[in-house]
Amino acid sequence: MFFLLKCFRLNFSSPYEVICVSRKLPPFLHQICNFSLGVDNEIDGSMYSPKRYFVNELQDYETGSISPWEGDKLTIEILNLVNQINLRQPALEKFGDGGLYVGIAGIAYMYYYLYKHPAFRDQKVQFLSKGIEYIKQAEKYLSGKPIRDPADETGFLLGGSGVHAVAACLYKSAGEKEAMEYSILRYTAAGVKCKKIHFLPYGGDELLVGRAGYISGALWLKKVFGTYVLPIEDIIDVCRCVYESGIEYSKRHNSPSRLMYSYYDTEYLGAAHGLSTILQMLMSVPEFLKQYPDSEHAIRQSVDFMLSLQTPDGNFPCAMDEVGNRVRPVSEELVHWCHGAPGVVYLMAKAYLLWQDVKYLKSCLKCGELIWEKGLLKKGPGICHGVAGNGYVFLLLYRLTGDKKHLFRAQQFAKFIFCKRFTSARKPDNPYSLYEGFAGTVCFLADLILPEKASFPFLDVY
């Protein structure tokens, strides 16, 4: 028992390290050691399995490692998934709820993404047609839905503005100029509602329904059209509201960060609702930083505050109520895009590209090591809290560094989605959607074909 006590006093960086030690103990001792760290016995596969992720038994990169995807196997898997999505999540108005996040508008985005991809030239016409079919039904759902909350119109991932943005791009590709202009007009109108600092009483600055999402959409439209399709003054105005909102909240609540925000009374830090993506969006509009030069110092201080919260193993707390002595138990640690390092890494990447300070790159690399160990999530294949979302981090690191190790790891995560072990993963509530399900997975797999241009949907740091 003395050895067991010594085991718990050691500074292990993960339950997996404890598992490795505990396997050398007598059976009754390693079960106690395992139980106390929230690690479950597994009947199939590995002897032990953490609660939230599969133990990573994948081969890591070595010099000369060959991609697990030979020839056109990846393209075939993508087309098989697309066929499944089309059959099991048809373009019907009743599936319009959930916007880009879990509604059929997200599937329309997937089709648009594949339509633009050079690997699918033979399916180009078909994919554009399917994208328009899905987006029309999403628009029909919106037109019949009563507006009960401003977020119903302004929300990019969970509201109407994201649907209008994707519609504009699809109609542009189809040469439907009038429909395209109408969609842009609707997107612009949604932005006007964002200009009141407290336009959402529960918090109007985060990504899914708030101003950060609206800015993200405006930047994506600029990337697609090659120029701002919204008046730059309007985008700067929305950025100013985000900035002033964060300064005001931080002062009122004596926050250690110069900018801070809350969503439903929680000071989130992760990508979905929190500080990290809000800061990333402000940093992504150079015209705002130029017009309000004092803002950059406060933004950078806030980024450095986020950096100070990174744990020794590379993760970030989900919210401020988990900072310090209130840290989550190891067994409950979240390694998701929405909460944790897989989302915050995009902020650190943007900071590195903007300010060229290597400390931000080091932070990104720490995120990568954590995700390689704990990123094979049991919650499904999606990009919000699934394996594909975590695999995207390796594609980001590959773009940042050119190191083939990261590309190989991304390929391995993709391969894992199709392996027997993954069949025991949880089925998402919306298994064919963009953020929870296979539509997002398809985008990740397509980006493996052109990794030099890969980007998590709507969050490109370049």
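Above this note sits the structure.
If you're wondering where the values come from, they're calculated on a predicted model, not measured in any experiment.

Trainee: Run through the packing of helix 6 (residues 104-115) against helix 9 (residues 160-174), naming residues and quoting values.
Mentor: Contact geometry for helix 6 and helix 9: axes closest at 10 Å, N-to-C directions at 35°. Between helix 6 and helix 9 the crossing geometry is left-handed. For the pair formed by helix 6 and helix 9, the contact residues are Ala105, Ala108, Tyr109, Tyr112 and Tyr115 on the first element and Val163, Val166, Cys169, Leu170 and Ser173 on the second. By residue class, the composition of the contact of helix 6 with helix 9 is nine nonpolar, one polar and no charged.

Trainee: A description of the packing of aromatic side chains should follow, citing residues and the corresponding values.
Mentor: In total, this model carries 34 aromatic pairs according to the counting rule given. Plain terms: the ring middles of Phe54 and Phe422 are 6.2 Å apart, the flat faces sit at 55° to each other, and that makes the pair tilted. With Phe54 in the loop between strand 2 (48-50) and helix 4 (73-88) and Phe422 in the loop between helix 19 (404-416) and helix 20 (438-449), this residue pair connects regions lying 368 residues apart in the sequence. Both residues of the pair, Phe54 and Phe422, belong to the buried class. Note on Tyr432 and Phe438: the rings are 6.5 Å apart at their centroids and 35° apart in plane angle, and the pair reads as tilted. Given a relative accessible area of 10%, Tyr432 falls into the buried group.

Trainee: Residues and numbers for the environment of Arg426, please.
Mentor: Along the chain, Arg426 turns up in the loop between helix 19 and helix 20. Residue classification places Arg426 among the partly exposed positions, given a relative accessible area of 41%. If we skip the residues at most four places from it in the chain, Arg426 touches Lys378, Lys379 and Gly380.

Trainee: Before we move on, can you summarise helix 12 (residues 232-252) with the specific residues and values?
Mentor: In this model helix 12 runs 30 Å from its N-terminal to its C-terminal C-alpha over 21 residues, within 8% of the 30 Å that 1.5 Å per residue would give. Within helix 12, burial applies to Ile235, Ile236, Val238, Cys239, Cys241, Val242, Tyr243, Ser245, Gly246, Ile247, Tyr249 and Ser250. Summarising the contacts, the buried residues of helix 12 are in contact with helix 10 (177-193), helix 11 (211-225), helix 13 (275-283), helix 14 (286-291) and helix 15 (294-308). The positive-phi residue at the C-terminal boundary of helix 12 is Asn254, with phi of around 50°.

Trainee: I'd love a proper account of the pattern of salt bridges, names of residues and values included.
Mentor: If you walk through the whole model with that rule in mind, you get 23 salt bridges. Lys193 is the partner of Glu153 in a salt bridge, and the nearest nitrogen-oxygen pair spans 3.6 Å. Here Lys193 lies in helix 10 and Glu153 lies in helix 8 (residues 151-154), a separation of 40 residues in the sequence. By relative accessible area, Lys193 is classed as partly exposed at 35%. The closest approach of N and O atoms between Glu333 and Lys374, which form a salt bridge, is 2.6 Å. Placement of Glu333 in the loop between helix 15 and helix 16 (341-355) and of Lys374 in helix 17 (residues 358-374) is noted, with a sequence separation of 41 residues between them. Since its relative accessible area comes to 16%, Glu333 is described here as buried. Judged by relative accessible area, which is 2%, Lys374 ranks as buried. A single network of salt bridges, built from pairs that share partners, joins Lys195, Asp234, Asp237, Arg240 and Glu244.

Trainee: Summarise the side chain of His339; cite the residues concerned and give the values.
Mentor: Mapping His339 onto the fold places it in the loop between helix 15 and helix 16. Ignoring any residue separated from it by four or fewer positions in sequence, one finds His339 in contact with Tyr268, His273, Cys318 and Leu334.

Trainee: Give me the environment of Ser129: which residues, what numbers.
Mentor: Relative to the helices and strands, Ser129 resides in helix 7 (residues 124-143). Remark: the alpha-carbon pair of Ser129 and Tyr111, spanning 18 residues in sequence, is separated by 8.7 Å.

Trainee: An account of a positive patch on the surface is needed here, citing residue identities and associated values.
Mentor: A cluster of like positive charges, contributed by Lys116, Arg121, Lys124 and Lys172, occupies part of the molecular surface. Assignment of secondary structure puts Lys116 in the loop between helix 6 and helix 7. A residue is classified by how much of its surface remains accessible, and Lys116, at 48% relative accessible area, is partly exposed.

Trainee: Give a description of the side chain of Ser284 that names residues and reports values.
Mentor: With respect to the secondary-structure elements, Ser284 resides in the loop between helix 13 and helix 14. If near-sequence neighbours (up to four positions away) are discounted, Ser284 is found in contact with Leu219 and Lys350.

Trainee: Break down the packing of helix 16 against helix 18 (residues 387-401) for me, with residues and values.
Mentor: The geometry of helix 16 relative to helix 18 is characterised by a closest axis approach of 10 Å and an angle of 15° between their N-to-C directions. The orientation of helix 16 with respect to helix 18, classified from their angle, is roughly parallel. Viewed along their axes, helix 16 and helix 18 form a crossing whose handedness is left-handed. Facing Pro342, Val345, Tyr346, Ala349, Tyr352 and Leu353 of helix 16, the residues of helix 18 in contact are Asn390, Tyr392, Val393, Leu396 and Leu400. Class assignment for the residues of the contact of helix 16 with helix 18 results in ten nonpolar, one polar and no charged.

Trainee: Go over the layout of surface pockets with me, naming the residues and quoting the values.
Mentor: Empty space within the largest pocket amounts to approximately 770 Å³. Broken down by secondary-structure element, the contributors of at least two residues to the lining of the largest pocket are helix 6, helix 11 and helix 13. With six residues, the single largest contributor to the lining of the largest pocket is helix 11.

Trainee: Describe in detail helix 11, supporting the description with residues and values.
Mentor: Taking 1.5 Å as the rise per residue, helix 11 with 15 residues should run 21 Å; its terminal C-alpha atoms sit 21 Å apart, in good agreement. With twelve of its 15 residues buried, helix 11 lies for the most part within the structure. Of the residues making up helix 11, those classed as buried are Arg211, Ala212, Gly213, Tyr214, Ile215, Ser216, Gly217, Ala218, Leu219, Trp220, Leu221 and Phe225. Lining the buried residues of helix 11 we find helix 6, helix 8, helix 9, helix 10, helix 12 and helix 13.

The rules behind these values
- Residues numbered from 1 in each chain as written.
- Predicted model: local features only at pLDDT ≥ 70, side-chain atom pairs only at ≥ 80, totals over all residues.
- Heavy atoms only, no water.
- Axes fitted to C-alpha atoms, helices over the stretch in contact; angles between N-to-C directions.
- Helix = DSSP H or I, 4+ residues; strand = E, 2+ residues; numbered from the N terminus.
- Left-handed = near helix turned anticlockwise from the far one by under 90°.
- Contact = heavy atoms within 4.5 Å.
- Nonpolar A, V, L, I, M, F, W, Y, C, P; charged D, E, K, R; others polar.
- Phe/Tyr/Trp six-rings, centres within 6.5 Å; stacked < 30°, edge-to-face > 60°.
- Buried < 20%, exposed > 50% of the residue type's maximum accessible area, 1.4 Å probe, protein only.
- Expected span 1.5 Å × (residues − 1).
- Salt bridge = Lys/Arg side-chain N within 4 Å of Asp/Glu carboxyl O.
- Patch = residues over 30% accessible without salt bridge, like charges linked within 9 Å, V, L, I, M, F, W, Y side chains within 5 Å.
- Areas by Shrake-Rupley, 256 points an atom, 1.4 Å probe, with all protein chains shown as cover.
- Lys, Arg positive; Asp, Glu negative; His and termini not counted.
- Charge placed at Lys NZ, Arg CZ, Asp CG, Glu CD.
- Parallel < 35°, antiparallel > 145°, perpendicular 65-115°, else oblique.
- 1 Å grid on protein atoms, 1.4 Å probe; cavity = no way out; pocket = protein on both sides within 12 Å on 5 of 7 lines; lining within 4 Å.
- Points joined across faces, edges and corners; volume = space filled by probe spheres on them.

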